[in-house]
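Take a look at the letters that make up each chain.
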Amino acid sequence: MAHRWKNTLTDRDVTPEAAFLNRRQIIGGLAGAGLLGGAASVGLMGSAAPVSAQENTMEPNSWEDITTYNNFYEFGTGKEDPARYAHEMTTSPWSVEIDGLVDRPGAYQIEDIMAKMIVEERLYRFRCVEAWSMVIPWNGFELKDLLELAGVQSGAKYVAFETLYRPEEMRGQRRATLPWPYVEGLRLDEAMHPLTIMATGIYGKDIPNQNGAPMRLVVPWKYGFKSIKSVVRITLTDTQPPTTWNTAIGREYGFYSNVNPNVDHPRWSQATERRVGGGLFAKRIPTLMFNGYEEEVASLYAGMDLTKFY
Ligand code: MTE
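Note that the structure is predicted; figures quoted are calculated from it, not measured. (Residues numbered from 1 in each chain as written. Predicted model: local features only at pLDDT ≥ 70, side-chain atom pairs only at ≥ 80, totals over all residues. Heavy atoms only, no water.)

Novice: Talk me through the sheet that holds strand E6 (residues 183–187); I want residue IDs and the actual numbers.
Specialist: The mixed open sheet is built from five strands, whose spatial order is E2-E1-E10-E5-E6. Strands with a single pairing partner mark the edges of an open sheet, and in this sheet they are strand E2 (106–109) and E6. Each strand of the sheet is rotated relative to its neighbour by a mean of 20°, with strand direction disregarded. (Pairing = 2+ DSSP bridges. Helix = DSSP H or I, 4+ residues; strand = E, 2+ residues; numbered from the N terminus. Axes fitted to C-alpha atoms, helices over the stretch in contact; angles between N-to-C directions.)

The following block contains the structure:
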């Protein structure tokens, strides 16, 4: 049995990796367009694959790649540290405090959230600001649905997120590598976008601790550090919230952090990426504007200078 928190379970929620891959081959056209999932999602993505799709493919990474090569500084700065130490984090019981400009603030127990959410599979590109990437078959629900559960008030303009702070279980937090707890933020329209999900699974299994159990944000058109893990607080606000990497090194990491091959990081190019699992001599592949989701999200940034709002 895959999911601890089930509601409208279909066979998809319990698909083992091998069957998942087979089904993906059968509906390869959809996978190429960017999504596997409910009918609504498929419609959203449209049919046209991005121009460079042959090179920046939607071939899913293996469970092994996705769960052993991680960034989760709460457990250390090495890529293998999260897989080694994240089991020390307790994820049950778990509740998410939803507060600020909402009609129904409070501590939402994860079981109560999951009972009301529609969990879908979403095959998304995932592009880290460090210029590596993966393709990950998430299970999750639209953040919009959770925010609507709490009732977003009309004055809300931004959404702030916070990760668990528990240094006794998260050894990286015992050192000041970053200001803790890890925090992130989105503009409200970004948070309400149908591509923005809270992920609770991968390959139909519960999301492993190292990937942000029991619930983490996934915003596929932004650099990976926006996709904050192990979320315990969501605050609706009228002012742009601080974000960890921006607070740590603001010149290098902005609030928006949309994937953009034309705006380089001050210390490296963002034009290409290394697909994890491709082997030592794999060719770098082109990075796509908005990570390949330009058609769906470009309008959110109409008129904005993306070199300034990086
Ligand atoms: N969330 C928290 N709380 N702490 C972190 O260190 N790292 C971010 C993001 N979310 C991070 C985090 C970065 S830099 C990336 S690239 C992704 O998580 C990595 O997600 P993955 O390990 O599931 O691939």
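Structure's up, so let's keep going.
Novice: Just give me the short version of the pairing of strand E4 (residues 132–142), but keep the residues and values in it.
Specialist: Of all eleven residues that make up E4, eleven are buried, and the element is covered over most of its length. Bridging between strand E3 (residues 120–127) and E4 involves eight bridges; their strand directions are antiparallel. Residue pairing for E4: Leu123 is matched across the bridge by Pro137. Alignment of E4 against strand E11 (residues 272–275), held across two bridges, turns out to be parallel. Bridging across to E11, Ser133 finds its partner in Arg275. Where E4 and strand E7 (residues 197–202) come together, five bridges link them in antiparallel fashion. Within E7, the position partnered with Gly140 by the bridge is Ala199. (Buried < 20%, exposed > 50% of the residue type's maximum accessible area, 1.4 Å probe, protein only.)

Novice: Tell me what's going on with the pattern of salt bridges, and back it up with residues and numbers.
Specialist: Applying the stated criterion across every chain, the model contains 16 salt bridges. With its nearest N and O atoms 2.8 Å apart, the salt bridge here joins Asp189 to Arg187. Residue Asp189 is classed as partly exposed on the basis of its relative accessible area, which comes to 34%. Residue classification places Arg187 among the buried residues on the basis of a relative accessible area of 12%. Here the salt bridges do not stand alone but share partners, grouping Asp99, Glu162 and Arg233 into one network. (Salt bridge = Lys/Arg side-chain N within 4 Å of Asp/Glu carboxyl O.)

Novice: A description of the site of the ligand should follow, citing residues and the corresponding values.
Specialist: Residues in contact with the ligand amount to 17 residues; listed here are only the nearest, Asn70, Tyr73, Glu74, Thr163 and Lys229. Within the side chain of Glu74, one N or O atom sits 2.8 Å away from a nitrogen atom of the ligand. Within the side chain of Thr163, an N or O atom sits 2.9 Å from a nitrogen atom of the ligand. Protein burial of the ligand: of its 540 Å² of free accessible surface, 98% is covered by the chains. (Near = heavy atom within 4 Å. Polar contact = N/O pair within 3.5 Å; in protein donor to acceptor, adjacent residues only side chain to side chain. Areas by Shrake-Rupley, 256 points an atom, 1.4 Å probe, with all protein chains shown as cover.)

Novice: So what about the packing of aromatic side chains? Which residues, and what values?
Specialist: Two aromatic rings are characterised by how far apart their centres lie and by the angle between their planes. Enumeration over the complete set of coordinates arrives at 13 aromatic pairs. Considering the side-chain rings of Tyr256 and Phe309, the 6.0 Å spacing of their centres and the 85° angle between planes classify their relative orientation as edge-to-face. Taken together, the residues span a long stretch of sequence, with Tyr256 in the loop between helix H9 (244–248) and E11 and Phe309 in the segment after helix H10 (294–297) at a distance of 53 residues. Each member of the aromatic cluster is reached from another via a ring pair, and the members are Tyr158, Phe255, Tyr256, Phe290, Tyr301 and Phe309. If you follow Lys205 out to its NZ or CZ, it ends over the ring of Trp63, 4.3 Å from the centre. Between the NZ or CZ atom of Lys226 and the centre of the ring of Phe255, over which it lies, the distance is 4.4 Å. (Phe/Tyr/Trp six-rings, centres within 6.5 Å; stacked < 30°, edge-to-face > 60°. Lys NZ or Arg CZ within 6 Å of the ring centre and 35° of its normal.)

Novice: Now, about the side chain of Thr244: what can you tell me, with residues and values included?
Specialist: One can find Thr244 in helix H9. The buried category is assigned to Thr244, whose relative accessible area is 2%.

Novice: Let's hear about the environment of Val276: which residues, and what values?
Specialist: If you trace the backbone, Val276 turns up in the loop between E11 and strand E12 (285–286). Val276 gets classed as buried once you look at its relative accessible area, which sits at 7%. Put simply, Val276 and Ile66 are 210 residues apart on the chain and 8.7 Å apart in space, counted from C-alpha to C-alpha. Once residues lying within four places of it in the same chain are set aside, the contact partners of Val276 are Asn61, Asp65, Tyr69, Trp132, Ser133 and Met134. (Contact = heavy atoms within 4.5 Å.)

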